[in-house]
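# Overview (structure and organization)
What follows is the residue order along each chain.
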Amino acid sequence: MTSSKNVLSNDVEIKGSIKFSHDLIIDGKIEGEVSSDGSLTVGENALIKGEIKTRSVIIFGKVEGNITVVERCELKSNAILVGDIEAGTLSIEEGATFMGASKVGRKPEPSKPAPLGGGRPAQP
């Protein structure tokens, strides 16, 4: 089975949520949430106004909204992002514009309960 990327070209405008499973390239205008377990490429002509929640994202165009990705977020040199990023890893090329806050790194493992007795030796 060959894997091909789905493309929304630059003459496409969508108002509403988009959900997809694998890979998607958006080069048009989206107003609404974009969510997926796959990876998203935001083309250089694209404008997304809304949240992005995917496995990974590469941005060449403009995004106005928060981004939450499990793995990698890449802002290419002409990218413009106005919003916050939460990602496993973050790459920002020279020339990219990023206005917002970032939270980068894997989510911590649940903490283990403290040992009984508080872990201190008993005092005589």
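Heads up: these notes are all about the structure in this document.

The rules behind the values
Residues numbered from 1 in each chain as written. Predicted model: local features only at pLDDT ≥ 70, side-chain atom pairs only at ≥ 80, totals over all residues. Heavy atoms only, no water. Helix = DSSP H or I, 4+ residues; strand = E, 2+ residues; numbered from the N terminus. Contact = heavy atoms within 4.5 Å. Buried < 20%, exposed > 50% of the residue type's maximum accessible area, 1.4 Å probe, protein only. Core = buried A, V, L, I, M, F, W, Y, C linked by side-chain atoms within 4.5 Å. Pairing = 2+ DSSP bridges. Axes fitted to C-alpha atoms, helices over the stretch in contact; angles between N-to-C directions.

### A short note on the overall build of the chain
- Counting secondary structure elements, the chain contains 0 helices and 18 strands.
- Long-range pairs, those at least 24 residues apart, make up 2% of the contacts in the chain with a sequence separation of at least 6.

### Side note on the environment of T41
- Examined against the element boundaries, T41 turns out to sit in strand β7 (residues 39–42).
- Taking the relative accessible area as the measure of exposure, T41 reaches 13% and is therefore buried.
- Measuring from C-alpha to C-alpha, the distance between T41 and V57 comes to 5.7 Å, with 16 residues separating the pair along the chain.
- Those residues in contact with T41, other than ones at most four positions away along the chain, are K5, L24, I25, I26, I58 and F60.

### What to know about the nonpolar core
- I26, L40 and I67 are the most contacted members of the largest nonpolar core, which totals 23 residues.
- Where this core is concerned, the elements lending two or more residues are β3 (18–20), β4 (23–26), β7, β10 (56–59), β12 (67–69), β13 (72–75) and β15 (85–87).
- Those residues within four positions of I26 in sequence are excluded, and the remaining contacts are L8, V34, L40, T41, V42, G43, A46 and I48.

### Notes on the pairing of β13
- As judged from the 3 bridges shared by β10 and β13, these two strands associate in the parallel manner. Paired with I59 across the two strands is L75, which belongs to β13.
- As paired elements, β13 and strand β16 (residues 89–92) share 4 bridges and run parallel to each other. The residue of β16 that forms the bridge with E74 is S91.

### Thoughts on the sheet that holds β15
- On the basis of which strands lie adjacent, the open sheet formed by 6 strands has the order β3-β6-β9-β12-β15-β18 and parallel pairing. Each of the sheet's edge strands pairs with one partner strand only, and the pair in question is β3 and β18 (102–104). Within the sheet, the average angular offset between the axes of one strand and its neighbour, ignoring direction, is 5°.
- Relative to β18, β15 runs parallel, the two sharing 3 bridges. Counted as the bridge partner of E86 is K103 from β18.

### Topic: the environment of T68
- Residue position: T68 is located in strand β12.
- Taking the C-alpha atoms as reference points, T68 and D84, 16 residues apart in sequence, are found 8.3 Å from one another.
- Not counting residues within four places of it along the chain, the set of residues in contact with T68 comprises I52, K53, T54 and E86.

### A short note on the sheet that holds strand β2 (residues 13–15)
- Pairing is parallel in the open sheet, where 6 strands are placed in the order β2-β5-β8-β11-β14-β17. Edge positions in the sheet fall to β2 and β17 (97–99), since each has one partner strand and no second. Looking at each pair of strands side by side, their axes are set apart by 5° on average, direction ignored.
- Examined bridge by bridge, strand β5 (residues 29–31) and strand β8 (residues 47–49) share 3 bridges and lie parallel to one another. Residue E31 lies in a different strand from β8, and its bridge partner there is K49.

So yeah, pure geometry; function would need other evidence.
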